[in-house]
Amino acid sequence: MITRILARFASGRLHYAWVVLVVMFVSMLAGVGVRAAPGVMIVPLEHAFGWDVATISAAVSINIILLGVTGPFLTGLIDVIGLKRTILGCMTILMAGTGLSIFMTAPWQLFLTWGVMVGLGSGGGAVGMAAAVANRWFARRTGLAMGLLTA
């Protein structure tokens, strides 16, 4: 199946917009998946560091607020620096936030990594970015593209 799709792409019958759609879907999945991870890790973080649920939940709340607030601005940033740079920047911030969380020992580090960095980075997977990709790359099948990205 994958070899047929790649062969169709190599022969020029598969439009490059579908490749962009797949890449955007994977980056949205990564952003939303990482953003949702602290919900599963609340009890282990509570046991490992002795932090109360309110502290962990406050960091997650900052994460969710930043995801919602930065979404429209990141969509506007696409017009300034381009789609590729915006997505790569968001994914870099997302990876840095999750990577640096290995070294956290204090609540402020949780707020910085999972609250701020992951919140900003996961904004690259927001619905506004999906709409921007669907409108930019799909003239005839915008609804299908948007549906696939938000599924």
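This is a predicted model, so every value here is computed, not measured. (Residues numbered from 1 in each chain as written. Predicted model: local features only at pLDDT ≥ 70, side-chain atom pairs only at ≥ 80, totals over all residues. Heavy atoms only, no water.)

**Student:** How would you sum up the overall build of the chain? Please name residues and give values.
**Tutor:** The secondary structure content of the chain amounts to seven helices and zero strands. N-terminal to C-terminal, the α/β element order of the chain is α-α-α-α-α-α-α. A buried classification covers 36% of the 151 residues belonging to the chain. Excluding contacts between residues fewer than 6 apart, the proportion of contacts in the chain whose partners are at least 24 apart in sequence is 71%. Total accessible area on the chain stands at roughly 8,700 Å², and carbon and sulfur atoms take up 73% of it. (Helix = DSSP H or I, 4+ residues; strand = E, 2+ residues; numbered from the N terminus. Buried < 20%, exposed > 50% of the residue type's maximum accessible area, 1.4 Å probe, protein only. Contact = heavy atoms within 4.5 Å. Areas by Shrake-Rupley, 256 points an atom, 1.4 Å probe, with all protein chains shown as cover.)

**Student:** So what's going on with the nonpolar core? Residues and values would help.
**Tutor:** M24, L110 and L149 are the most contacted members of the largest nonpolar core, which has 29 residues in total. Listed by contribution, the elements that provide at least two residues to this core are helix 2 (16-49), helix 3 (53-81), helix 4 (83-100), helix 5 (107-121), helix 6 (127-137) and helix 7 (142-150). A per-element tally of this core places helix 2 first, with seven residues. The contact partners of L149, leaving out residues within four places of it in the chain, are L21, M24, F25, M28, A130 and V133. (Core = buried A, V, L, I, M, F, W, Y, C linked by side-chain atoms within 4.5 Å.)

**Student:** Go over the packing of aromatic side chains with me, naming the residues and quoting the values.
**Tutor:** Under the defined criterion, the tally for this structure stands at two aromatic pairs. On the numbers, 4.9 Å between centres and 70 degrees between planes, the contact of W18 with F138 is edge-to-face. In this pair, W18 sits in helix 2 while F138 sits in the loop between helix 6 and helix 7, placing the two residues 120 residues apart along the sequence. Residue F138 is classed as buried on the basis of its relative accessible area, which comes to 6%. Relative to W51, the ring of F49 lies with its centre 4.4 Å away and its plane at 15 degrees, an arrangement referred to as stacked. When its relative accessible area of 34% is taken as the criterion, F49 is described as partly exposed. (Phe/Tyr/Trp six-rings, centres within 6.5 Å; stacked < 30°, edge-to-face > 60°.)

**Student:** How would you explain a nonpolar patch on the surface if you had to name every residue and give the values?
**Tutor:** Side chains of I62, I93, W108, L112, V116 and L120 sit close together on the surface and give an oily, nonpolar patch of about 490 Å² of accessible area. Ranked by residues supplied to the nonpolar patch, first place goes to helix 5 with four residues. Its location among the elements puts W108 in helix 5. (Patch = residues over 30% accessible without salt bridge, like charges linked within 9 Å, V, L, I, M, F, W, Y side chains within 5 Å. Salt bridge = Lys/Arg side-chain N within 4 Å of Asp/Glu carboxyl O.)

**Student:** Pulling in residues and values, what's your account of the layout of surface pockets?
**Tutor:** In this model, the largest pocket occupies a volume close to 300 Å³. Elements with a contribution of two residues or more to the lining of the largest pocket: helix 2, helix 4 and helix 6. Examining the composition of the lining of the largest pocket, we find that six residues originate from one element, helix 2, more than from any other. By residue class, the composition of the lining of the largest pocket is eleven nonpolar, one polar and two charged. Put simply, the second largest pocket is a space of about 170 Å³. Looking at the lining of the second largest pocket residue by residue, the class counts come to five nonpolar, one polar and two charged. (1 Å grid on protein atoms, 1.4 Å probe; cavity = no way out; pocket = protein on both sides within 12 Å on 5 of 7 lines; lining within 4 Å. Points joined across faces, edges and corners; volume = space filled by probe spheres on them. Nonpolar A, V, L, I, M, F, W, Y, C, P; charged D, E, K, R; others polar.)

**Student:** Could you give an account of the packing of helix 2 against helix 7, naming the residues involved and the relevant values?
**Tutor:** Closest axis-to-axis distance for the helix 2/helix 7 pair is 9 Å, and the angle between their directions is 25 degrees. It follows that helix 2 is roughly parallel to helix 7 by the angle criterion. Both helix 2 and helix 7 take part in a crossing whose hand is right-handed. Each of W18, L21, M24, F25 and M28 in helix 2 lies in contact with helix 7, whose residues at this interface are L144, A145, L148 and L149. (Axes fitted to C-alpha atoms, helices over the stretch in contact; angles between N-to-C directions. Parallel < 35°, antiparallel > 145°, perpendicular 65-115°, else oblique. Left-handed = near helix turned anticlockwise from the far one by under 90°.)

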